[in-house]
Amino acid sequence: MQMLPLRTATSTTGGARMDKDQGKREMEEQLEMVTKAFVDHYYNLFDTNRAALACLYDQTSMLSFEGQKILGADEISRKLSQLPFEQCNHSISTVDCQPSPLVGGILVFVTGNLQLAGEEHQLRFSQMFQLIPTQQASFFVQNDIFRLNYC
């Protein structure tokens, strides 16, 4: 998945330093832009071509799906492809993001509703991702935690 790299504040010509507040705002804007692009891409693939999600994970990636832990891109892809429904539609309610402790990494928390084909009621869900930058100026999903919310 090709995404924009996060920029860091740098000094301008003439030795003047970029205003810290402006640098912080630009960093937050970059973080939110990358997060929005990832969330849109992930749920579009999930809803239209679930098998293509495999390219977003790495062999070290881990998915916790309703408490079941799955390790590695191949196993994660297998799990997602074998879910007991063929068609679904995600409706995103909230997206929150923070820089992760790893340089350039991003923590993403998503809440929303999941509509399964043929079902009358939507299911509420929460999902957390840890995105890690790659050498190719992109990101992969290192950690993914998914839970249905029963209330």
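Looking at an unreviewed UniProt entry, one finds the protein named (wild Malaysian banana) hypothetical protein and attributed to Musa acuminata subsp. malaccensis. Looking at the Subcellular location (unreviewed entry) heading of the UniProt record, one finds this comment for the protein: "Cytoplasm".

Here we come to the sheet that holds strand 5 (residues 123–133). Judged by pairing direction, the sheet is mixed, and its six strands sit side by side in the order 2-1-6-5-4-3 without closing on themselves. Edge positions in the sheet fall to strand 2 (68–71) and strand 3 (88–99), since each has one partner strand and no second. Adjacent strand axes in the sheet meet at a mean angle of 15 degrees, parallel and antiparallel pairs treated alike. In this structure, strand 1 (residues 57–65) lies alongside strand 6 (residues 139–149), joined through five bridges in parallel fashion.

Side chains carrying opposite charge are able to pair once their charged atoms draw close together. This model, assessed by the stated rule, comprises two salt bridges. For Asp40, the salt bridge identified is with Lys36, shortest N-O distance 2.7 Å. Of this pair, Asp40 and Lys36 both sit in helix 1 (residues 20–48), four residues apart, which is roughly one turn of that helix. What makes Asp40 partly exposed here is its relative accessible area of 43%. Given a relative accessible area of 53%, Lys36 falls into the exposed group. Across the pair Glu75 and Arg78 runs a salt bridge, and its minimum N-O distance is 2.7 Å. Placement of both Glu75 and Arg78 in helix 2 (residues 73–81) is noted, with a separation of three residues, approximately one turn of the helix.

With that out of the way, let us pick up helix 2. Those residues of helix 2 that fall on the buried side of the exposure criterion are Ala73, Ile76, Ser77 and Leu80. Considered in projection along helix 2, the buried side chains sweep an arc of 100 degrees and stay on one side of the axis.

Enumeration according to the criterion identifies nine aromatic pairs in this entry. Here Tyr42 and Phe129 contribute two aromatic rings whose centre-to-centre distance is 4.8 Å and whose plane-to-plane angle is 65 degrees, an arrangement assigned as edge-to-face. Here the residue Tyr42 occupies a position in helix 1, and Phe129 occupies one in strand 5, the gap between them amounting to 87 residues. Overall, Tyr42 belongs to the buried group, its relative accessible area being 1%. Arranged with centres 6.4 Å apart and planes meeting at 70 degrees, the rings of Tyr43 and Phe129 form a pair that is edge-to-face. Residue Tyr43 is found in helix 1, and its partner Phe129 is found in strand 5; the two are separated by 86 residues along the sequence.

Here Ser77 is to be found in helix 2. Given the relative accessible area of 16%, Ser77 is considered buried. Not counting the four nearest positions on each side in its chain, Ser77 is found in contact with Ala51 and Ala54.

Glancing now at helix 1. Compared with an ideal rise of 1.5 Å per residue, which puts 29 residues at 42 Å, helix 1 spans 42 Å between its outermost C-alpha atoms and is within 8% of the ideal. Listing the buried residues of helix 1 in full gives Gly23, Gln30, Leu31, Val34, Thr35, Phe38, Val39, Tyr42, Tyr43, Leu45 and Phe46. Summarising the contacts, the buried residues of helix 1 are in contact with strand 1, helix 2, strand 3, strand 4 (106–116), strand 5 and strand 6.

Right, let's talk about the nonpolar core for a bit. Residues Tyr42, Tyr57, Leu80 and Phe129 are the most contacted members of the largest nonpolar core, which totals 32 residues. Of all the elements in the fold, those that place two or more residues in this core are helix 1, strand 1, helix 2, strand 4, strand 5 and strand 6. The biggest single contributor to this core is helix 1, with eight residues. In contact with Leu80, not counting residues within four places along its chain, are Tyr42, Phe46, Arg50, Leu53, Tyr57 and Leu63.

What counts and how
- Residues numbered from 1 in each chain as written.
- Predicted model: local features only at pLDDT ≥ 70, side-chain atom pairs only at ≥ 80, totals over all residues.
- Heavy atoms only, no water.
- UniProt positions renumbered as here; feature names shortened; annotations may be inferred.
- Pairing = 2+ DSSP bridges.
- Helix = DSSP H or I, 4+ residues; strand = E, 2+ residues; numbered from the N terminus.
- Axes fitted to C-alpha atoms, helices over the stretch in contact; angles between N-to-C directions.
- Salt bridge = Lys/Arg side-chain N within 4 Å of Asp/Glu carboxyl O.
- Buried < 20%, exposed > 50% of the residue type's maximum accessible area, 1.4 Å probe, protein only.
- Arc of directions from axis to C-beta.
- Phe/Tyr/Trp six-rings, centres within 6.5 Å; stacked < 30°, edge-to-face > 60°.
- Contact = heavy atoms within 4.5 Å.
- Expected span 1.5 Å × (residues − 1).
- Core = buried A, V, L, I, M, F, W, Y, C linked by side-chain atoms within 4.5 Å.

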